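Fold and geometry: a report
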Amino acid sequence: MWAEIMSEKITFKELVEKIAEQSQQSYSSTNNFIQELVEIIESGLSESGSVKISGFGKFELRWMKERPGINPQTGEEITIPGQNKVVFKPYKALRQKVNKPYSKMSAQILEGELQAQKKPSEEDESLEDILIERESPIQSHTDSVKDDEKPLALDNQANLTKEVDKSSSMKWSYAAAAIIVLLAFMIMIFLMQQPSEQPSEPALSEQTEQHEELDSPVTDTEEDPAAAADQTEDAPADAPPPPADEEAVPDEDSPQELELISHNVSPGESLWTIAESQLGNPYLWPLIYYLNQDLLDNPNQLFADGNLEIPTISDPENLTDFEQEQVALGYFSLYQWAQTNAPDEARYFLWAVGAFSLDLLEERASEVDAEDLQFATQR
Amino acid sequence: MKKKQLIDKLSEETGMSKTRTEEMLSNTKNALTDTLSDGKGVSIPDLGTFSTKTNEVRKIYNPHHEAYMMVPPKRIVEFSPSSGLKEKLKFVGRDNE
């Protein structure tokens, strides 16, 4: 363990000796071989921007856009010019071998912390409450079903049963949607006001109040199944975006590519308004940012008369997994942008990454600030 | 670049046979993989430094299980390119910038 903390290294000489011995070659010819390999990697990167070495990993050039910075010696503001970064991505075999000491460990569920750690304002919990409350009108309904004065409730029973069946799979999509909207709302406040204070606390507590209001009428309606049915019908609609209908489950055979159309920016438009008018959901604006990163350095600045690539989203209320991942990537690039330009806001973008795609958040965990990650994984 | 092309080019440059080249390449990959698997790093002149980093245990909320989970530590490979390589490739493919 200490070896890793010290990040112990072997010398290049030791490496060459090892290879030479295995290959039964002289030191100098092995050394020469590695030099040639390095040269091929370099020329490959220079010609095509990527070199793949099967069974090992991939070297790649990644373009880093021009960005503002501060000269640490003089404190003066400078512009860091755009430049390529050389990255290496290990392939699975290498990743697994390197991670071998920990490969047998798997994620552990922390039972005791389940309830204690959940904040009352958590949307998923409130939704869970709603869904549990949904079931009670059905049960109490059997008592009053002979009462013919309540045909409305009878009609609703069938729908409710269906919905409760689906609730386990849909519960998280409701929760995710609610979280996303709340977050995007917070981000918009940040972006519009550029505040010195922290508006997230008031925003959160407002949300808590809303949910308390939402919960209490549902709880009160147990004696009246008809009213309860009405309430539960309304309840999911309050959690934006509302589920369209029974076919609300994302398509399994989703396309793995976004169809792009070109959009000419007119004066007064923002990514937000374009996402609203073109994609049907303003909260998807990071997707446009992500697809046009080479043109948009600052997401808050759009140049009129430029052309943007706009994806076509079939159903903005029900994104496919792939589309969700793309939006998450958009939030991730916003996070990276915010890290240098608005460090206080960065973590909210990272949080949104997780809201759209937890897989992506986990995948990029090594690239993000530990504190931000902790914030982003609290949900 | 495919593996075959890589080997063709390497054998051309080094004057070794293709079989030999393939063996050397595979030994090089193995030596690097073994070194990194031992948690050790190595610098290759003109290319850069390979090293490993261990991500500590962290706690996440898993929405599927609706529970907090402990994510085990993970050891990952890090690569930092040599300054020479970085300089040479800095503006490649972006001549107009």
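Higher on the page you've got the structure.
Just so it is clear, the model here is predicted, and its values are computed rather than measured. (Residues numbered from 1 in each chain as written. Chains lettered and ligands numbered in written order. Predicted model: local features only at pLDDT ≥ 70, side-chain atom pairs only at ≥ 80, totals over all residues. Heavy atoms only, no water.)

Moving on: the overall build of chain A. Scanning chain A from N- to C-terminus turns up 15 helices and 9 strands. Taking all 379 residues of chain A together, 45% fall into the buried category. Here chain A has roughly 20500 Å² of accessible surface; of this, 48% comes from carbon and sulfur atoms. (Helix = DSSP H or I, 4+ residues; strand = E, 2+ residues; numbered from the N terminus. Buried < 20%, exposed > 50% of the residue type's maximum accessible area, 1.4 Å probe, protein only. Areas by Shrake-Rupley, 256 points an atom, 1.4 Å probe, with all protein chains shown as cover.)

A separate point is the overall build of chain B. In terms of regular secondary structure, chain B is built from 3 helices and 5 strands. Start at the N end of chain B and walk to the C end: the helices and strands fall as α-α-β-β-β-β-β-α. Buried residues in chain B amount to 48% of all 97 residues. Across chain B, contacts joining residues at least 24 apart in sequence account for 33% of those joining residues at least 6 apart. Within the structure as shown, chain B displays about 4900 Å² of accessible surface, and the carbon and sulfur contribution to it stands at 46%. (Contact = heavy atoms within 4.5 Å.)

Another aspect to go through is the packing of helix α2 (residues 12–23) of chain A against helix α3 (residues 27–48) of chain A. All names here are of chain A. With their axes 9 Å apart at the nearest point, α2 and α3 run at an angle of 110° to one another. With respect to α3, the axis of α2 lies roughly perpendicular. From α2, F12, K13, V16, E17, I19 and A20 reach across to α3, where they touch Y27, T30, N31 and I34. A class-by-class count of the residues in the contact of α2 with α3 yields 6 nonpolar, 2 polar and 2 charged. (Axes fitted to C-alpha atoms, helices over the stretch in contact; angles between N-to-C directions. Parallel < 35°, antiparallel > 145°, perpendicular 65-115°, else oblique. Nonpolar A, V, L, I, M, F, W, Y, C, P; charged D, E, K, R; others polar.)

Moving on: the sheet that holds strand β2 (residues 50–53) of chain A. Hydrogen bonds between backbone groups are what pair the strands of a sheet, and the pairing can be parallel or antiparallel. Residue and element names in this part refer to chain A. One open sheet accounts for 3 strands, arranged β2-β3-β6; its pairing is antiparallel. In this open sheet, the two strands that pair with only one neighbour each are β2 and β6 (83–90). The mean inter-strand angle of the sheet, taken between neighbouring strand axes irrespective of direction, is 20°. Examined bridge by bridge, β2 and strand β3 (residues 57–64) share 4 bridges and lie antiparallel to one another. Pairing of V51 across the sheet is with F59, part of β3. (Pairing = 2+ DSSP bridges.)

The partner chain A presents 70 residues to the 65 residues of chain B that form the contact. Summed over both partners, the interface of chain B with chain A buries about 6800 Å², with 66% contributed by carbon and sulfur atoms. When the area that chain B buries against chain A is broken down by residue, the three leading residues are Y61, Y68 and R75 of chain B, summing to 11%. At the surface where chain B touches chain A, the tally comes to 2 salt bridges. With a closest N to O distance of 3.6 Å, E8 of chain A and K40 of chain B form a salt bridge. At the boundary of chain B with chain A, the tally comes to 13 residue pairs in polar contact (both at pLDDT 80 or more). At the level of secondary structure, the elements contributing two or more residues to the side of chain B that touches chain A comprise α1 (3–14), α2 (18–37), β1 (41–44), β2 (48–55), β3 (58–62), β4 (67–71), β5 (74–81) and α3 (83–89) of chain B. (Buried area = accessible area lost by both parts, 1.4 Å probe. Salt bridge = Lys/Arg side-chain N within 4 Å of Asp/Glu carboxyl O. Polar contact = N/O pair within 3.5 Å; in protein donor to acceptor, adjacent residues only side chain to side chain.)

Before going further, it helps to spend a moment on unusual backbone geometry. Positive phi values are uncommon outside glycine, yet Q24 of chain A reaches one of about 55°. Residue position: Q24 of chain A is located in the loop between α2 and α3. For Q24 of chain A, a relative accessible area of 70% puts it in the exposed group. Phi angles above zero are rare outside glycine, and D46 of chain B is one such case at about 65°. Within the secondary structure layout, D46 of chain B lies in the loop between β1 and β2. Among the residues examined, D46 of chain B registers a relative accessible area of 51% and is labelled exposed.

Each regular strand shows side chains that alternate between the opposite faces of the sheet. Sheet analysis places strand β1 (residues 9–10) of chain A next to β1 of chain B, joined by 2 bridges and oriented parallel. Of the residues in β1 of chain B, the one forming a bridge with K9 of chain A is G41 of chain B. Across 3 bridges, β1 of chain B lies against β2 of chain B in antiparallel orientation. Counterpart to I44 of chain B in the pairing with β2 of chain B is G48 of chain B. Between β1 of chain B and the antiparallel strand that follows it, β2 of chain B, lie 3 residues; D46 of chain B among them carries a positive phi value of about 65°.

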